[in-house]
Amino acid sequence: MLFLVKLFPEMTIKSRPVRRRLTRLLRRNIKLALHRFRGQLRVRGEWDLIEVETDSPAIAPEVLEKLRRIPGIARILEVHKHQLPDFDGMLAIAKAQYGDALTGKTFAVRCKRSGRHSFRSVDVEVFVGAGLRRETAAAGVDLGNPEVLVSLEIRHGDLYLVLAGHPGLGGLPLGGQGTALSLVSGGFDSAVSSYLAMRRGVLTHFCFFSLGGDRHSLAVRELALYLWLRHHSSHRVKFVTVPFEDVVREILEKVDNPLMGVVLKRMMMRAADRIAAEVGAQALVTGESVAQVSSQTLANLAVIDSAAQTLVIRPLATMDKQRIIDLAREIGTEEFSRHVPEYCAVISDKPTTRARPNRIAREEARFDFALLDQALANASIQNIADVAAPEVFINAGDGTGELAVLAKPAPGDIVIDIRHESEQRSGAQPPVAANTQLLRIPFYRLSGEFDRLEATSRYLLYCERGMISRLHAAHLLDAGHRNIAVLDPE
């Protein structure tokens, strides 16, 4: 199977040096994202297209699905490639592929061409179209609304017969626009803003301010891991956890009630500013949308931003909430965010919408900044892949209560596919024998449904890369369940 990767149009209008750099970066990202298939595919091409080819039909659907998630790709075409023949040869190739499909159907021929040739694209369309009309049982030609589209691409000395086309993610190649630190809470807004930064080519680290509660921490880690696995796995990124409970307590005790929300955001900005310098980030990404809540008026946002020296980017600044939720649904984060526990310790009775810098300064003068320094000293900076390997996790299965990782189920084991429904439909099936019982319980329903499962059976959690399954298995183990393990064939 040969896939023709089309660049996002914005890349094609860049200057020649920039275009070449972005194309090389995209090719590198594709190779890294498809690293698990190394030896089974080839990635080649420069300037304005990239070819991804595999001789293994079994992995083609997974390769296609991964290509659709990589920033910088506008469209992926499934094609057959031929050395450019004469017009009769083009007709023969098109007829061999489409002859039966044209029976009783209207059709049109479309040809795109690049390079120097003695003919025009329309010449190919007319010749091949007339030949198919004459030599097949097609109902006729319909240039406006054909039932079958015969699509050809000619690139210099090659002819591509297009079998199918699939939309890509668009945007710019990841890592081509610098590095940012995204402040994530697990909600709709921070998930979507992180995604939009990635889509724009920004290598995005994650920063979570823990305000209390293991469930909240688990949900945020899971969300960040999902975004990385889906769109960002070509790069190593950091997940930073900052314990902010003492900072919140100090704000509740020292800061005037209407200003608490603004002061909390300023403390987060100060902390993020210092973390960004440590991880080499050039900007902060946040999920605020203008006027969505009281702290997000223009006046308040200006006061909040003044606490940081790093550039602050707000991809959602002018989006309404419903559009944000719709986008979360499109990228697969809606169910994560919908089940994130609410944490509402710092909610003012009558929050200000026009915080004044002099009033903020007076309130913060009573704050003990040693607590902020201590929170940063206690911050945890992990590689995102290590988020899935808590201390409770050990590769063992000897009945000691440690979490086991198995390459295949044992007799009597029950496998639970915890992937998102969209991944269950499009991804590879769990590697289980026909006599192994398989349950499909998406991650966001697992905690609620696990207690209802038969306690005498052992359950193996499965996901595509074995990371989210490790995170959930460790959480269930910590909750006292001993009949849990991870299925990871790799």
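Residues numbered from 1 in each chain as written. Predicted model: local features only at pLDDT ≥ 70, side-chain atom pairs only at ≥ 80, totals over all residues. Heavy atoms only, no water.

## A short note on helix H16 (residues 443–450)
At step 1: Here H16 has its buried residues at Phe443, Tyr444, Leu446 and Phe450. Taken around the axis of H16, the buried residues stretch over an arc of 165 degrees, which confines them to a single face. (Buried < 20%, exposed > 50% of the residue type's maximum accessible area, 1.4 Å probe, protein only. Helix = DSSP H or I, 4+ residues; strand = E, 2+ residues; numbered from the N terminus. Arc of directions from axis to C-beta.)

## A look at the packing of aromatic side chains
At step 1: The tally for this structure, following the rule as stated, stands at five aromatic pairs.
At step 2: Considering the side-chain rings of Phe87 and Phe119, the 5.2 Å spacing of their centres and the 75 degrees angle between planes classify their relative orientation as edge-to-face. In this pair, Phe87 is assigned in helix H4 (residues 87–98) and Phe119 in the loop between strand E5 (106–114) and helix H5 (121–135), connecting sequence segments 32 residues apart.
At step 3: A relative accessible area of 23% places Phe87 in the partly exposed class.
At step 4: Here Phe450 and Tyr459 contribute two aromatic rings whose centre-to-centre distance is 5.5 Å and whose plane-to-plane angle is 70 degrees, an arrangement assigned as edge-to-face.
At step 5: Through pairs of rings, three or more aromatic residues link up here, namely Phe87, Phe119 and Phe127.
At step 6: Across from the ring centre of Phe8, 5.7 Å away, lies the NZ or CZ of Arg199, which sits over that ring. (Phe/Tyr/Trp six-rings, centres within 6.5 Å; stacked < 30°, edge-to-face > 60°. Lys NZ or Arg CZ within 6 Å of the ring centre and 35° of its normal.)

## Points about a positive patch on the surface
At step 1: Residues Arg16, Arg20, Arg21 and Arg24 make up a contiguous surface patch of positive charge.
At step 2: Mapped onto the secondary structure, Arg20 falls in helix H2 (residues 16–33). (Patch = residues over 30% accessible without salt bridge, like charges linked within 9 Å, V, L, I, M, F, W, Y side chains within 5 Å. Areas by Shrake-Rupley, 256 points an atom, 1.4 Å probe, with all protein chains shown as cover. Salt bridge = Lys/Arg side-chain N within 4 Å of Asp/Glu carboxyl O. Lys, Arg positive; Asp, Glu negative; His and termini not counted. Charge placed at Lys NZ, Arg CZ, Asp CG, Glu CD.)

## Details of the sheet that holds strand E16 (residues 414–417)
At step 1: Reading across from one edge, E15-E19-E18-E16-E17 is the order of the five strands in this open sheet, with parallel pairing throughout. For this open sheet the edge positions go to strand E15 (404–406) and strand E17 (437–440), each flanked by a neighbour on one side alone. Each adjacent strand pair in this sheet contributes to an overall mean axis angle of 30 degrees, direction not counted.
At step 2: Relative to strand E19 (residues 484–487), E15 runs parallel, the two being bridged by three bridges. Among the inter-strand pairings, Leu406 is bridged to a residue of E19, identified as Leu487.
At step 3: Seen against the sheet, helix H17 (residues 467–478) touches E15, strand E18 (459–462) and E19 and runs at an angle of roughly 170 degrees to E19. (Pairing = 2+ DSSP bridges. Axes fitted to C-alpha atoms, helices over the stretch in contact; angles between N-to-C directions. Contact = heavy atoms within 4.5 Å.)

## So, empty space enclosed by the protein
At step 1: For the coordinates displayed, the defined rule picks out two cavities of 30 Å³ or more.
At step 2: Its volume calculated, the largest cavity comes out at about 160 Å³.
At step 3: Together, 14 residues line the largest cavity, and Tyr226, Leu229, Glu423, Glu464 and Ile468 are the ones closest to its centre.
At step 4: With three residues, the top contributor of residues to the lining of the largest cavity is helix H7 (residues 214–232).
At step 5: Its residues assigned to classes, the lining of the largest cavity comprises six nonpolar, one polar and seven charged.
At step 6: Put simply, the second largest cavity is a space of about 120 Å³.
At step 7: Put simply, the parts of the chain that give the lining of the second largest cavity at least two residues each are H2 and H7. (1 Å grid on protein atoms, 1.4 Å probe; cavity = no way out; pocket = protein on both sides within 12 Å on 5 of 7 lines; lining within 4 Å. Points joined across faces, edges and corners; volume = space filled by probe spheres on them. Nonpolar A, V, L, I, M, F, W, Y, C, P; charged D, E, K, R; others polar.)

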